[in-house]
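Summary of the model geometry
Below are the chains, spelled out letter by letter.
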Amino acid sequence: MAYQNINQYNFRRWGLKPANEITDICLASDEKDYDQEVVFSPLLIGELDGNRMPFKFNFNSSGTTLCTTSACTFDYDTIVSENYWNPTDTDPNFCPIITDLCDVGLTGIDNGLVKRMSGETIQINTGLYTTQSDKFSRYKYDRRMKMHPITGFTTSQNRLWNDNSYSYDLSYNNAGGDIGYVARLDGGFFQGFYKVAGYDYQIFPERPNLGWSAEFMLRYRWTGDTSVGLNSRYPNNKGTFFYMGARAENKFYHYPDGSPKQDSGYTRVTSGLTCMETCACSLLGSNPHDCLEVYQQSGGTSYNCSCGCPCSCEVSAQYPETDPLYDGVSNALSLRLSGDTGSPKLCVKTYRITGGCETTGTCLTGVTYTTGTSVTEWCSTRGIFDDCSGTTYSNVEHWVQIDAVFRRNEWFDACDLNNKGGLGLIVKEIYTATTANNSISLIEPPITHEEKYDPATTEVVTFNDNWTAEEKYRLGTMKFYVNGKLFMVAENFEEIIPRLLDTPKEKQIGVGYNISLGGGTQGLHDNLTFSGGCPPTINDIVYQQDPECLTTHDLDNTIYSGLTTHIKLEEYFGGSMIGDISAFRMYTEPLNASQIKHNFNLLKLKYNLLNPDCKDCRIVIPVNDLYYIEIPEGNLTYEFIPDNDLTYSFIPDNNLSYIFIPDNDLYYLSIPSNDLYYELINETPTPTPTNTNTPTPTNTETPTNTPTPTNTQTITPTNTMTPTNTMTPTNTMTPTNTMTPTNTPTNTQTITPTNTVTPTNTPTQTNTETPTPTPTPTPTQTETPTNTPTPTNTETPTNTETPTNTPTPTNTETPTNTPTNTPTNTQTPTNTETPTNTPTPTPTVTPTEPYFLLFEDSSIATAENNNNIEIDVI
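Residues numbered from 1 in each chain as written. Predicted model: local features only at pLDDT ≥ 70, side-chain atom pairs only at ≥ 80, totals over all residues. Heavy atoms only, no water.

1. Thoughts on the overall build of the protein chain
We apply this condition: Each helix is a run of H or I in the DSSP string that is no shorter than four residues. Each strand is a run of E no shorter than two, and both are numbered from the N terminus. We call a residue buried when its accessible area falls under 20% of the maximum for its residue type, exposed when it is over 50%, and partly exposed in between, using a 1.4 Å probe and counting protein chains only. Residues are treated as being in contact if the distance between any of their heavy atoms lies within 4.5 Å. What sets the accessible areas is the Shrake-Rupley method with a 1.4 Å probe; for residues, cover comes only from the shown protein chains.
A count of helical and extended segments in the protein chain gives 11 helices and 34 strands. Relative to its 874 residues, the protein chain shows a buried fraction of 51%. Looking at the protein chain alone, contacts between residues at least 24 apart form 69% of all its contacts between residues at least 6 apart. Here the protein chain displays about 40000 Å² of accessible surface, and carbon together with sulfur accounts for 49% of that area.

2. As for the environment of asparagine 409
Inspection of the secondary structure puts asparagine 409 in the loop between β18 (399-408) and α6 (415-419). With 198 residues separating them along the chain, asparagine 409 and glycine 211 place their C-alpha atoms 9.2 Å apart. Not counting the four nearest positions on each side in its chain, asparagine 409 is found in contact with Leu475, Gly476 and Thr477.

3. Looking at the state of the cysteines
Here is the rule we go by: The criterion for a disulfide is a pair of cysteine sulfur atoms lying within 2.5 Å.
All chains considered together, the criterion is met by four disulfides. Paired by a disulfide, cysteine 347 and cysteine 379 hold their sulfur atoms 2.0 Å apart. Disulfide cysteine 347 to cysteine 379: torsion about the S-S bond roughly 110 degrees, handedness right-handed. One end of the pair, cysteine 347, is in strand β16 (residues 345-360); the other, cysteine 379, is in strand β17 (residues 366-379), with 32 residues separating them in the sequence. With a relative accessible area of 1%, cysteine 347 lands in the buried category. Disulfide pairing places cysteine 388 opposite cysteine 617 at an S-S distance of 1.9 Å. Across the S-S bond linking cysteine 388 and cysteine 617, the dihedral sits near -85 degrees, which makes this disulfide left-handed. With a gap of 229 residues between them, cysteine 388 in the loop between β17 and β18 and cysteine 617 in the loop between α11 (593-607) and β27 (627-630) connect regions that are remote in the sequence. Given a relative accessible area of 3%, cysteine 388 falls into the buried group.

4. Here's the deal with unusual backbone geometry
Non-glycine residue cysteine 95 carries a positive phi angle of around 55 degrees. Relative to the elements of secondary structure, cysteine 95 occurs in the loop between β3 (79-80) and β4 (98-101). Even without a glycine there, the phi angle at asparagine 483 is positive, about 55 degrees. For asparagine 483, a relative accessible area of 2% corresponds to the buried category.

5. Observations regarding the packing of aromatic side chains
Just so we agree on the cut-off: Aromatic contacts are taken between Phe, Tyr and Trp rings whose centres are within 6.5 Å, Trp giving its six-membered ring; a plane angle under 30 degrees counts as stacked, one over 60 as edge-to-face, and the others as tilted.
Here the structure, examined in full by the defined rule, presents 26 aromatic pairs. Centre to centre, the rings of phenylalanine 59 and phenylalanine 190 are 5.6 Å apart; their planes meet at 40 degrees, and the pair counts as tilted. Separated by 131 residues along the polypeptide, phenylalanine 59 in the loop between β2 (55-58) and β3 and phenylalanine 190 in strand β10 (residues 190-193) bring together distant segments of the chain. Of the residues examined, phenylalanine 190 reaches a relative accessible area of 1% and is grouped as buried. A centroid spacing of 5.0 Å and a plane angle of 70 degrees characterise the contact between tyrosine 351 and tyrosine 572, whose relative ring orientation is edge-to-face. Highlighted residues: tyrosine 351 in strand β16 and tyrosine 572 in helix α10 (residues 569-573), separated in sequence by 221 residues. Of the two residues examined, tyrosine 351 and tyrosine 572, each falls in the buried class. An aromatic cluster is defined as three or more aromatic residues linked by ring pairs; in this entry it consists of Phe57, Trp212, Phe216, Phe241, Phe242 and Phe584.

6. Let's talk about the nonpolar core
This is how it is decided: For the purposes of this section, nonpolar cores are sets of buried Ala, Val, Leu, Ile, Met, Phe, Trp, Tyr and Cys residues that join through side-chain atoms within 4.5 Å.
In this structure, Phe241, Phe242, Phe584 and Met586 are the most contacted members of the largest nonpolar core, which totals 92 residues. At five residues, strand β11 (residues 211-220) tops the list of elements feeding residues into this core. Ignoring any residue separated from it by four or fewer positions in sequence, one finds methionine 586 in contact with Arg52, Met53, Pro54, Phe55, Phe204, Trp212, Ser213, Ala214, Phe242, Met244 and Ile515.

7. Observations concerning the pattern of salt bridges
Note that side chains of opposite charge can pair when their charged atoms are close. Cut-off, in case you're wondering: Any Lys or Arg side-chain nitrogen found within 4 Å of a carboxyl oxygen on Asp or Glu counts as a salt bridge.
Scanning all chains against the criterion turns up 27 salt bridges. The salt bridge involving lysine 195 is made with glutamate 206; its shortest N-O contact spans 2.8 Å. Of this pair, lysine 195 sits in the loop between β10 and β11 while glutamate 206 sits in the loop between β10 and β11, and the two are 11 residues apart along the sequence. By relative accessible area, lysine 195 is classed as buried at 16%. The partly exposed category is assigned to glutamate 206, whose relative accessible area is 24%. Here lysine 238 ties to aspartate 340 by a salt bridge, and the two come within 3.7 Å at their closest N and O atoms. Highlighted residues: lysine 238 in the loop between α4 (230-233) and β12 (240-245) and aspartate 340 in the loop between β15 (332-338) and β16, separated in sequence by 102 residues. For lysine 238, a relative accessible area of 12% puts it in the buried group. A single salt-bridge network, built from bridges that share partners, covers Asp163, Arg233, Asp554 and Glu570.

8. What about the side chain of lysine 507?
We count it as follows: By the counting scheme adopted, Arg and Lys are positive, Glu and Asp are negative, and His together with the chain ends is not counted. Each polar contact in these results corresponds to two N or O atoms within 3.5 Å; when the atoms are within protein, one needs to be able to donate a hydrogen and the other to accept it, and residues that are neighboring in sequence are counted only if both atoms are side-chain atoms.
Mapped onto the fold, lysine 507 is located in the loop between β22 (485-494) and β23 (514-517). Despite being buried, lysine 507 has no salt bridge partner; glutamate 293 is the closest side chain of opposite charge, sitting 7.4 Å away. For lysine 507, the side chain forms a polar contact with the main-chain oxygen of valine 294, separated by 2.9 Å. Setting aside residues up to four positions removed in sequence, lysine 507 forms contacts with Leu106, Thr107, Phe252, Thr278, Glu293, Val294 and Gln296.

Keep in mind these numbers describe shape, not what the thing actually does.
If you want it as structure tokens, here you go:
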């Protein structure tokens, strides 16, 4: 028997009673398989579990970046995850392996990881660095994901297309409140790698068992100049805030000399670079002096020692050029916010390979695998803040929680991850001796007699029909949540499995298995290579751009127009989000709706997120964005507030203030007792403070011979507008469709309905000649009976339900039930200069649809329509 019935509990305190029926709710007492983390945890999902959340970045934390607490130099301007992936649950510093990668400059110069092509080295560590300088160094990488701000070292002298797309600005700003420091992006973004192909370094699964999730805390900016950096060249990619895959194609895919097949009239600018070699010389066959050429050679020669000693048998091999098409296709995914409005759409884009087998020959003599490519982008049909359509909510930048969740249709483990639709279908590991046409060296003595024989290997990528045939094993669902609520679903979404490039490992360090935060990828936009021949020293290096590493779109704007390439990643994913990023988290599992909602419930107050289940489209002033004006006593002040300013004004006692607020402004005002206040909301300030015929209370026509006791107990409800000591942004005086807050304290007996709607765009008292509050019949010398109402021509009932945040103090000085001690024969002036036709927004919206009443015992607490319930303890 369950003892958790709400209505039938022995000592019930609350009840749920529908308007037209009686319902009881029972909570099972023997439930065990519920998600206790969602119900009870005060932390984010998986916050302390690096195997579930290996990427955890918080820009207000010294564990993520040093740039907010100290000088941010090139060597230490990285961001580092506060969690790390440890699937074997072993001590990471037990026998760690540290490897130096001296060829990182070959590709690291293109995205600003290092400054030079030669003479640069980074370390990869299977353990954890213990000092802060090592942890944040851009030259040292451990189990924690590390990203750096991208940049390029191209200058105006070595750019083939010299436009405005080379700006990658970003900074760190304090957003105030609990949010603290955030990364402010103005064309720049962060980039990093989680696996290095061919080396012992991997900090995120190549392919998760079921899927993955990524969570972002963003504040999108659409005003001002947003076409900066890559957005200038690729405006259709503007708003990209996440990218996963290969950050660029192989820049050394072609021969250094000769001419490309598609343009025999072009002689390559790299013709003098036939002597470039990697610094990590590897064994090709049995000759230890053979090193790997940086640019692919058209042919090579190795030696076969089976002919005798010394090795004298030359073996020649022909090396075909690779195609960069296969480096980027099915190796790229991006997320972006689309639109130059305050309510952008949400989009996801993929670049995939398509193809199949076709027969060739008149007698079906052969089968050829033909390939094609497809760029697909899914965008939502509505903006992320369209729930507040028709209000001024989207006129101001707001924080938003965006969760992207991919869930595969099938769960895989171990070898199935590699074979069922995985990279095992297209990636093969072969010996480098095989590529040199010297396979016999792998089996001949004396090498085979050595105990520790580990021939050099490399991986090659070859697409085939199996990849297309097993697409079903990569299909799943991509879901997007905005502020904890499901927003968009892409069915039959093909999984993107990041992989290496089709080139030896020394020439792709940090290029494959990449993640970008705040942008997409610049690809080879900033590619650099040597010019002329091979310099004898590093100081003699002069750089140039290789035209064959630019997109066809780029080349069409240069002297190389007519030359075409298969460089696509820059063109399809080159762009960035203009705005702020506060946090980024990535999971090795697909989160469900309750887990995402749990995170939202923990973050909504910190970021003042719009709650899609209880929409409040009032504009709230962020913390530390207030401009403070103090007006001394006895002054008459005229204040003009330009568009989009946030202002806090404090007016001491006995002041008369005139404030003009243009459209779309946020304004907070605190007025102590006995103050007069006039507010005009319009587009153009027509009145001036010096010429206004504003009568003050001392000008009221009152017989001067009427003595007034000094102990008059007049109740002055002037504080019904805003509590004088309240500096919360919930009382923002914006005449929009703002719902009146129910917890605003007043000093009157006015009943404030929770569903009162403030009139939209109705400037109060704009047609009156005086800013005196509407019912101003308060001559202090008047003998007024205790229950005497206000003058008969005033349209203000004594218990008018005035919205508490309406800046018109229509009920402020109503002398209802005000005991006075003045003589009874005093004549009350009837010609008080008070407009009698001032409309008071007293009508309220009464819910007509069925609603719930939430009650305690027999007393009704509150009621609200639209199936929303608010609890107000009585």
